Amino acid sequence: HSGNLSYTKNFYSWPTMIMWLCVLLVSIVFSLIYLGLMQMFAGQMLIISFWFAVVSMIGTGVYYLAAKIWFAGGIMLIFGILYALMWFSWRHRIPFSKLVLEVVCHITRRFPSTIVVSVAFLILQAAYSAFWSLAFAGSFKHMEQYQNCSTHTDRNGRQYQSCSNPKQILAWVFMVFSFYWTSGVILNVLHTTICGTFATFYFFEGSPQGYPTKHVTLSSLKRAMTSSFGSICFGSLVVAIIQTLRAIVRAIRSQNDDNLAAQLLACCADCILGCIEAIVEFFNKYAYVEIAVYGKPFMAAAKDTWTLIKDRGVDALINDCLIGNVLQMGAFLCAAVVALVAWLYITITKPEYNTSGSYTAPIIIAAFVLAMSMFMVLLKCIDSGAATTFVCLAEDPDAMARNNPRLFAMVREAYPRVVQGVHAVDGF
């Protein structure tokens, strides 16, 4: 490299950096606009997101059939039709989901610092990802010096070379694990911070004593970074280990394309680990609410989360809430818009490293994935707010009866088990 960041064939040139900056800015702007639409048109967004999912699945199925990928096309069409038929059983959930979404958006407007914190953590995550990418490439290159190669002769007398590099493999595993763990900690600190803010509103809004602190979000962030940090790190560690194991399994699959038995075993292992990861992440999401509210150790929080979900009927609330559909639609739309912006940028600027067009597809895919991830981070306030509302409702339904009687009346009528309460508030 010449060290000159200009219009050269170097992939890390100024035009490319500007493009990724555009990806970041467009993702933030789109996310904020989408958040505003959710606040103004909660009910309409729920209905649109449901049918958007139906159209997406059927459209994907039609595309696969047109491309003569019969099995995948048939599966997507079947799922799309079944999903559309589920409208008749799901439409009764819309009033409840609408009210929950309105409550969460109201608290977000009440504490705009939740958006500011989300943007700050997005920038932190982006900076760490860039730093990790450079460190990963450097460590992989550095470890090449430890490669050992030997020459062997097969049964036909032909010589072939076999190489191994255990140190490079270990470095790869460590770097992947460090990325998953650190990224998990960053996102879970954000999640816990937002949960603490929503819980403060839930328990103290309208109470005679008022809020315990003037800067609610900052106080919640302080607790997440100090007394609750160990629990956050431990919960993130469990998920990071599972994710690293899945990465190893996928690497094994990619290295054994011609071995059917190895492919089958690796596929089964990946599926099992994926199910375990989804279950652990689900419980972690609500365990962090317990940590944010009561400052519990992770294991105690996880145990109480299980009690809430199974014994208090919170699982019914979670299953009937359709907010996740709205967020998924927003993430897809944001990713599509940002991918289009990336394509327009490289088409108009025509960077020298992409004269043959070989980088176009990877850049568009990377922009799509990055934009989807950034959208979910920025709108963490909605997802975390809904999770906090459910947990706090089960913990102390009287507080909801005080600050949101409409939602309390709806929950009491449809989910009487949830509003029985568990114990009083003692975490602030």
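Values in this document were obtained by computation on a predicted structure and should not be read as measured data.

**Student:** Give a description of unusual backbone geometry that names residues and reports values.
**Tutor:** With a phi close to 65°, K68 is a non-glycine residue in the positive phi region. With respect to the helices and strands, the residue K68 is situated in the loop between α2 (42-66) and α3 (70-85).

**Student:** Talk me through helix α1 (residues 14-40); I want residue IDs and the actual numbers.
**Tutor:** Because an α-helix packs 3.6 residues into every turn, residues spaced three or four apart end up facing the same way. With 27 residues, α1 should reach 39 Å at 1.5 Å per residue; the first-to-last C-alpha distance of 39 Å fits that figure. Every buried residue of α1 is accounted for by P15, T16, M19, V23, L24, S27, I28, F30, S31, Y34, L35 and M38. Buried positions along α1 lie against α2, α5 (94-110), α6 (113-142), α13 (323-349), α14 (360-378) and α15 (380-395).

**Student:** Please set out the pattern of salt bridges residue by residue, giving values where relevant.
**Tutor:** This model, assessed by the stated rule, comprises seven salt bridges. A salt bridge links K296 to E290, with the shortest nitrogen-to-oxygen separation between them at 2.7 Å. The buried category is assigned to E290, whose relative accessible area is 0%. Look at K296 and you get buried, because its relative accessible area is 14%. Overlapping salt bridges bring together R246, R250, R253, D270 and E277 as one network.

**Student:** Describe in detail the packing of helix α7 (residues 166-204) against helix α9 (residues 229-255), supporting the description with residues and values.
**Tutor:** For the pair α7 and α9, interaxial distance at closest approach is 8 Å and the crossing angle is 140°. Accordingly, the angle class assigned to the pair α7 and α9 is oblique. The interaxial crossing formed by α7 with α9 has right-handed handedness. Residues W172, V173, V176, F177, Y180, W181, G184, V185, N188, V189 and T192 of α7 touch α9, and the partners they reach there are F229, I232, C233, S236, L237, A240, I241, Q243, T244, A247, I248 and A251. Considering only residue class, the contact of α7 with α9 consists of 17 nonpolar, six polar and no charged.

**Student:** Explain the nonpolar core residue by residue, including any values.
**Tutor:** Core analysis: the largest hydrophobic core is formed by 102 residues, its most contacted members being Y34, M38, F96, V100, F203, I382 and F390. For V100, the residues in contact, after removing those within four places along its chain, are C321, I323, A386, F390 and L407. Within the second largest apolar cluster, six residues are counted, among which are V239, V249, A266 and V280.

The rules behind each value
In every chain, residue numbers begin from 1 and rise along the written sequence. Where local features are concerned, this predicted model is filtered to residues with pLDDT of at least 70; where side-chain atom pairs are given and counted, the filter is 80 or more; whole-chain, interface and lining totals use all residues. The basis for the side-chain values is all heavy atoms of the structure; hydrogens and waters are excluded. Helical segments are the DSSP runs of H or I of at least four residues, strand segments are the runs of E of at least two, and each set is numbered from the N terminus. Expected helix span is taken as 1.5 Å per residue step, with the number of steps being one fewer than the number of residues. Only protein chains enter the area calculation, which uses a 1.4 Å probe; residues under 20% of their type maximum are buried, those over 50% are exposed, and those in between are partly exposed. Note on definitions: a residue-residue contact is assigned when non-hydrogen atoms from the two residues lie within 4.5 Å. Each salt bridge in this description consists of a side-chain nitrogen of Lys or Arg and a carboxyl oxygen of Asp or Glu lying within 4 Å of one another. Axis definition: a line fitted to C-alpha atoms, limited for helices to the stretch in contact. Angles are taken between N-to-C directions and run from 0 to 180 degrees. Reported orientations rely on four angle classes, namely roughly parallel under 35 degrees, roughly antiparallel over 145, roughly perpendicular from 65 to 115, and oblique for the rest. Left-handed describes a crossing whose near helix is turned anticlockwise from the far helix through less than a right angle; right-handed describes the clockwise counterpart. All amino acids are sorted into three groups, where Ala, Val, Leu, Ile, Met, Phe, Trp, Tyr, Cys and Pro are nonpolar, Asp, Glu, Lys and Arg are charged, and the leftover types, Gly among them, are polar. Take the buried Ala, Val, Leu, Ile, Met, Phe, Trp, Tyr and Cys residues and link them wherever side-chain atoms come within 4.5 Å; each set so joined is a nonpolar core.

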